[in-house]
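Next come the chains, spelled out residue by residue.
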Amino acid sequence: MNKRKLGSEKEEMAAEYLQEQGYEIVDRNYHCRFAEIDIIARELSDEGTEYLCFVEVKYRDSDRYEAPEGVISYGKQKKISQGAAFYLKEKRLLSDTPVRFDVVFMLGDEIQLIRNAFEFVGSGY
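Remember, it's a predicted structure, so these values are computed and weren't measured experimentally.

Asker: Can you explain the overall build of the protein chain? Please cite residues and give values.
Answerer: When its secondary structure is counted, the protein chain shows two helices and five strands. For the protein chain, the succession of helices and strands along the chain, N to C, is α-β-β-β-α-β-β. Each of the 125 residues in the protein chain was classed as buried or not, and the buried ones make up 39%. A separation threshold of at least 6 residues defines the contact pool for the protein chain, and within that pool the share at least 24 residues apart is 52%. Of the roughly 7,600 Å² of accessible surface on the protein chain, a fraction of 44% belongs to carbon and sulfur atoms.

Asker: Please set out the pairing of strand β3 (residues 50-60) residue by residue, giving values where relevant.
Answerer: Where strand β2 (residues 36-44) and β3 come together, six bridges link them in antiparallel fashion. By the bridge assignment for β3, A41 is matched with C53. Following β2, the chain reverses through five residues before pairing antiparallel with β3; G48 in that reversal takes a positive phi of roughly 95°. Across nine bridges, the pairing between β3 and strand β4 (residues 99-107) is parallel. Bridged to E56 within β4 is V103.

Conventions adopted
All residue numbers refer to position in the chain's written sequence, counted from 1. Given that this is a predicted model, residues contribute local features only at a pLDDT of at least 70 and side-chain atom pairs are listed and counted only at 80 or more, while totals for whole chains, interfaces and linings are drawn from all residues. Just so you know, side-chain values use all the structure's heavy atoms and leave hydrogens and water out. We count a stretch as a helix when DSSP gives it H or I for four or more residues in a row; a strand needs E for two or more, and each element gets its number in order from the N terminus. Here the term buried applies to any residue with accessible area under 20% of the maximum for its type, exposed to any over 50%, and partly exposed to those in between, with areas from a 1.4 Å probe on protein chains only. In this analysis, two residues are considered to be in contact whenever any of their non-hydrogen atoms come within 4.5 Å of each other. Surface exposure here means Shrake-Rupley accessible area, sampled with a 1.4 Å probe, where a residue is shielded only by the protein chains that are shown. Strand pairing requires that DSSP identify at least two bridges connecting the strands.

Below, the structure is given as structure tokens:
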């Protein structure tokens, strides 16, 4: 199976998993000049705040190589942050929209969700 098809399958699995966790999928494979964001979703927190979540999906078929959580470099975080800021402007969302950066790690058949995996990197929204 080629990498693109495998990536699409894993992103589909991640979206289904997020929905099972109570997320509402808003957009997938969002592209702008800064970045590609795998999944954009809304989640209502236990405190009642509705977050717009920018979700990165990472997959590894084994733990022979670096664990998936190690591949979200500072540079990747910055690109995702820039893409999120652009998305907010493009969709005319308020600058005080609660935003969160989540990561879905997949190692073989195991799925792990990390809410608030990293903070916004760069200048403000």
